[in-house]
Amino acid sequence: MTTPLTHVCVYCGSNTGTRPEYAEAAQQLGRLLAERSLTLVYGGGNIGLMGIVADTTLAAGGRVEGIIPQALVDKEVAHLGLTELVTVANMHERKLEMANRAGAFIALPGGIGTLEELFEVWTWLQLGFHAKPVALLNTAGYYDHLLKFIDHQVDERFLKPHQRDLLQVSADPAALLDRIASYQPEAGDKWYSRRNLA
């Protein structure tokens, strides 16, 4: 029996980027989370796409839980108007708390921090450490080059097709939420071959 989805972790940039579509997609996702009674779990910041998705979710009547390291609170980038703001000691604790609270993960456009968070939870999924959907909101083709490289990894046999397909991808926030709400993980071995060490 599948556990109903209640909390969605969103990874995204602390900047807004060059295209207005990035902020528009963050706003659309925030409204949809509130409309679907899904709690937003995110990094607790008040700037960039992070601040936009949080503010929009709150304005639409949704619940927002932010997890932020003390060092970033000290730099005055914490969002103090959230439903819940949790301060942790470091980035490792932040990511673990976000992962524990979330029933699904979505990455919006962002920088290296967004990519690091995305690839970590995707790695955990392929290793079977969790069975939660991991998704990429490919707004305005932002991740097209990354997706081509991932296909290159498959071609070069460093990634299996079913591992690539674990990453749910869409440019439409509503369609992406629909996909993760109905997600069923598929079994598959990570390794192409295993050496017999006996």
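Residues numbered from 1 in each chain as written. Predicted model: local features only at pLDDT ≥ 70, side-chain atom pairs only at ≥ 80, totals over all residues. Heavy atoms only, no water.

A. Geometry of the packing of aromatic side chains. As enumerated under the stated definition, the model contains 4 aromatic pairs in all. Judged by centre distance (5.6 Å) and plane angle (75 degrees), the ring pair of Tyr22 and Tyr142 falls under edge-to-face. Of this pair, Tyr22 sits in helix α1 (residues 20-35) while Tyr142 sits in the loop between β6 (134-137) and α6 (144-155), and the two are 120 residues apart along the sequence. Seen in terms of ring centroids, Phe119 and Trp122 are 5.6 Å apart; in terms of plane orientation they differ by 40 degrees. Their pairing is tilted. With Phe119 and Trp122 both in helix α5 (residues 112-126) and 3 residues apart, this pair spans about one turn of that helix. For Phe119, a relative accessible area of 29% puts it in the partly exposed group. The class for Trp122 is buried, based on a relative accessible area of 5%. These aromatic residues form a ring-pair network of at least three members: Tyr22, Tyr142 and Tyr143. (Phe/Tyr/Trp six-rings, centres within 6.5 Å; stacked < 30°, edge-to-face > 60°. Helix = DSSP H or I, 4+ residues; strand = E, 2+ residues; numbered from the N terminus. Buried < 20%, exposed > 50% of the residue type's maximum accessible area, 1.4 Å probe, protein only.)

B. How the structure looks around the pairing of strand β5 (residues 104-107). Neither face of β5 is open: one carries Ala104 and Ile106, the other Phe105 and Ala107, and all of them are buried. Of the strand pairs in this sheet, strand β1 (residues 7-11) and β5 are connected by 4 bridges, and their pairing is parallel. Across the sheet, the residue bridging to Val8 is Ala104, located in β5. Sheet topology note: the β5/β6 ladder contains 3 bridges and is parallel. Residue pairing across strands places Ile106 opposite Ala135, the latter belonging to β6. (Pairing = 2+ DSSP bridges.)

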